Amino acid sequence: MSKKLKVVMTVKLPDGVETRFRELFNTTLWLNKNPMPREALFEAAQTAEVLVSSINDRIDAEFFEAAGEQLKMIANFGVGHDHIDIAKAVEKGIIVTNTPGVLTEDTAEMTMGLIIAVSRRFIEGAETVQRGEFSAWSPTFLMGRRIYGKRLGIVGMGRIGQALARRARAFGMQVHYHNRKPVSARISEELEATYWDDLDQMLARMDVVSINAPGGPNTFHLLDAERLAKLQPHAILVNTARGQIVDEEALAHLLREHKIAGVGLDVYERATAISPELFGLPNAVLLPHMASSTVEARTDMGDRVILNIKTLQDGHRPPDRVIP
Ligand code: DGY
């Protein structure tokens, strides 16, 4: 039997997942519901053979400088890895893995939900009832916008973008997308999706825009103030990818000035430090980064992390390496 690796978790995982960690590895759990503070992270870098990280951790050059020789792998609990300095990891010979594929449907579901919630004013309606203010049916009360027949522009047509496109088709939306390159002819035909090489032109024509691109320096403020200004006044924007892709202050400004109709956000430019200008707006549906938060996805993510570590422990190359 292979020697158990010393695994340090920086985040509290679902109980069943943690039980398996304890069985398979020499595991140090993180039992606090708050993220691991930076000093503790640096300590972990000195002792762990495998660090199980999450989006809450800044795994940057300073972290890698602090890391001891024993650190072999960062097994990230999540698919996005823009919080990890991959180049530094490569330089130090440390493997980085993530959890692709297992949260695709869940994130696409939540994105579709947000599109409907904003367009059909779900939250305003639900709050009206909760406040006891639903006194009579009215032909003009809380009129939203139909999504059937509308143009959806997806920014980033990877796994999640495509899963969203399938759902949007089922709701009768017309799918458009911008991506580094067009998807294969087979997928494009299946989704009946129109490719836009020019993002500005696509933004100017859409009724709904959804951000589904990866984060990181290549997409930082991809939708800056100038690009956001291309959106039509009746358009809504939804982001379940990474907050830094959109200039949040410019977005809030457009919303306050009624230059766009609404937003549905699950992610923010500065994590939990949300721009105060977004608060108190009825047409802003704001969620706490929960797009992949289903029992199924979080269990599968845990299983993927376990598989990657177990494969390393057994002397093989983990399957979900970010850099193959
Ligand atoms: C992901 O998997 O990237 C989620 O956003 C959580 O980090």
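Since this is a predicted model, take the numbers as computed values, not measurements.

The rules behind the values
- Residues numbered from 1 in each chain as written.
- Predicted model: local features only at pLDDT ≥ 70, side-chain atom pairs only at ≥ 80, totals over all residues.
- Helix = DSSP H or I, 4+ residues; strand = E, 2+ residues; numbered from the N terminus.
- Rg over C-alpha atoms; globule rule 2.2 N^0.38 Å.
- Buried ≥ 20, exposed ≤ 12 C-beta atoms within 10 Å, placed from the backbone.
- Contact = placed C-beta atoms within 7 Å.
- Axes fitted to C-alpha atoms, helices over the stretch in contact; angles between N-to-C directions.
- Parallel < 35°, antiparallel > 145°, perpendicular 65-115°, else oblique.
- Left-handed = near helix turned anticlockwise from the far one by under 90°.
- Pairing = 2+ DSSP bridges.
- Core = buried A, V, L, I, M, F, W, Y, C linked by C-beta atoms within 7 Å.
- UniProt positions renumbered as here; feature names shortened; annotations may be inferred.
- Arc of directions from axis to C-beta.
- Right-handed = clockwise from strand over helix to strand, strands pointing away.

Draft legend 1. Molecular detail of the overall build of the protein. In terms of regular secondary structure, the protein is built from 12 helices and 12 strands. A compact globule built from 324 residues should have a C-alpha radius of gyration of about 20 Å, and the protein, at 21 Å, falls within 12% of that. With respect to the three principal axes, the spread of C-alpha positions in the protein is 70 × 50 × 30 Å. Every one of the 324 residues in the protein was classed for burial, and the buried ones make up 40%. Relative to all contacts within the protein whose residues are 6 or more apart in sequence, the contacts with residues 24 or more apart total 63%.

Draft legend 2. Examining the packing of helix α5 (residues 104-119) against helix α7 (residues 159-170) more closely. Packing of α5 against α7 brings their axes to within 8 Å, and their N-to-C directions diverge by 50°. Considering the angle they form, α5 stands oblique to α7. Relative to α7, the crossing made by α5 is right-handed. From α5, Thr-104, Glu-105, Thr-107, Ala-108, Thr-111 and Met-112 reach across to α7, where they touch Arg-159, Ile-160, Ala-163, Leu-164, Arg-167 and Ala-168.

Draft legend 3. View of the sheet that holds strand β2 (residues 26-28). Read from one edge to the other, the open sheet built from five strands follows the order β2-β1-β3-β4-β5, with strand pairing classed as parallel. Since the sheet does not close on itself, it has two edges, and those belong to β2 and β5 (95-97), each with one partner. Going from strand to strand, the sheet's axes swing by 20° on average, the running direction of each strand aside. Pairing geometry for strand β1 (residues 6-9) and strand β3 (residues 50-53), over three bridges, is parallel. Bridging from a neighbouring strand, Val-8 pairs with Leu-51 of β3.

Draft legend 4. Layout of the nonpolar core. If you look at the biggest cluster of nonpolar residues, it comprises 51 residues, and the most contacted ones within it are Val-175, Val-208, Ala-235, Ile-236 and Leu-237. Broken down by element, this core gets its largest block of residues, seven residues, from α5. With residues up to four places along the chain from it excluded, the contact list for Ile-236 reads Val-118, Ser-119, Val-208, Ile-260, Ala-261, Gly-262, Val-263 and Gly-264.

Draft legend 5. Structural context of the UniProt feature "domain: D-isomer specific 2-hydroxyacid dehydrogenase catalytic" (unreviewed entry) in the protein. Within the UniProt annotation, "domain: D-isomer specific 2-hydroxyacid dehydrogenase catalytic" (unreviewed entry) is assigned to residues 23-322. Helix makes up 36% of residues 23-322 and strand makes up 14%, while its end C-alpha atoms are separated by 26 Å.

Draft legend 6. Expanded view of helix α11 (residues 248-256). Turning to α11, its buried residues number three or more, namely Glu-248, Leu-251, Leu-254 and Leu-255. Projected down its long axis, α11 carries its buried residues within an arc of 120°, all on one side. Its buried side turned inward, α11 meets α10 (225-228), β10 (236-239), β11 (262-265) and β12 (284-286). Count one or two residues on from α11 and you reach His-258, which has phi positive near 60°.

Draft legend 7. View of the pairing of strand β4 (residues 73-76). Covered by surrounding structure in β4 are Met-73 and Ala-75 together with Ile-74 and Asn-76, the residues of both alternating faces. Direction of pairing for β3 relative to β4: parallel, over a ladder of four bridges. Paired with Leu-51 across the two strands is Ile-74, which belongs to β4. As for the winding sense of the linkage, the β-α-β connection from β3 through helix α3 (residues 61-66) to β4 is right-handed. You can see the chain leave β4, run along helix α4 (residues 86-92) and come back into β5, and the turn it takes is right-handed.

Draft legend 8. Main features of the pairing of strand β7 (residues 174-178). Across the five residues that make up β7, a large majority, four, are buried. In the sheet, strand β6 (residues 151-155) pairs with β7 via five bridges, with the strands oriented parallel. Directly across from Ile-154, in β7, lies its bridge partner Tyr-177. Following the chain from β6 across α7 to the adjacent parallel β7, one finds a crossover that is right-handed. Here β7 runs beside strand β8 (residues 194-195); their pairing, made up of two bridges, is parallel.

Draft legend 9. Structural view of the UniProt feature "domain: D-isomer specific 2-hydroxyacid dehydrogenase NAD-binding" (unreviewed entry) in the protein. Cross-referencing UniProt, the feature "domain: D-isomer specific 2-hydroxyacid dehydrogenase NAD-binding" (unreviewed entry) maps to residues 112-291 in the present numbering. Between the C-alpha atoms that bound residues 112-291 the distance is 10 Å, and the span itself is 31% helix and 15% strand.

Draft legend 10. Spotlight on the sheet that holds β7. Overall, parallel pairing links the seven strands, which are arranged β8-β7-β6-β9-β10-β11-β12 in an open sheet. A strand with exactly one partner marks an edge of an open sheet, and here the two such strands are β8 and β12. Pairing geometry for strand β9 (residues 208-211) and β10, over four bridges, is parallel. Looking at the pairing, Val-209 lines up with Leu-237 of β10.

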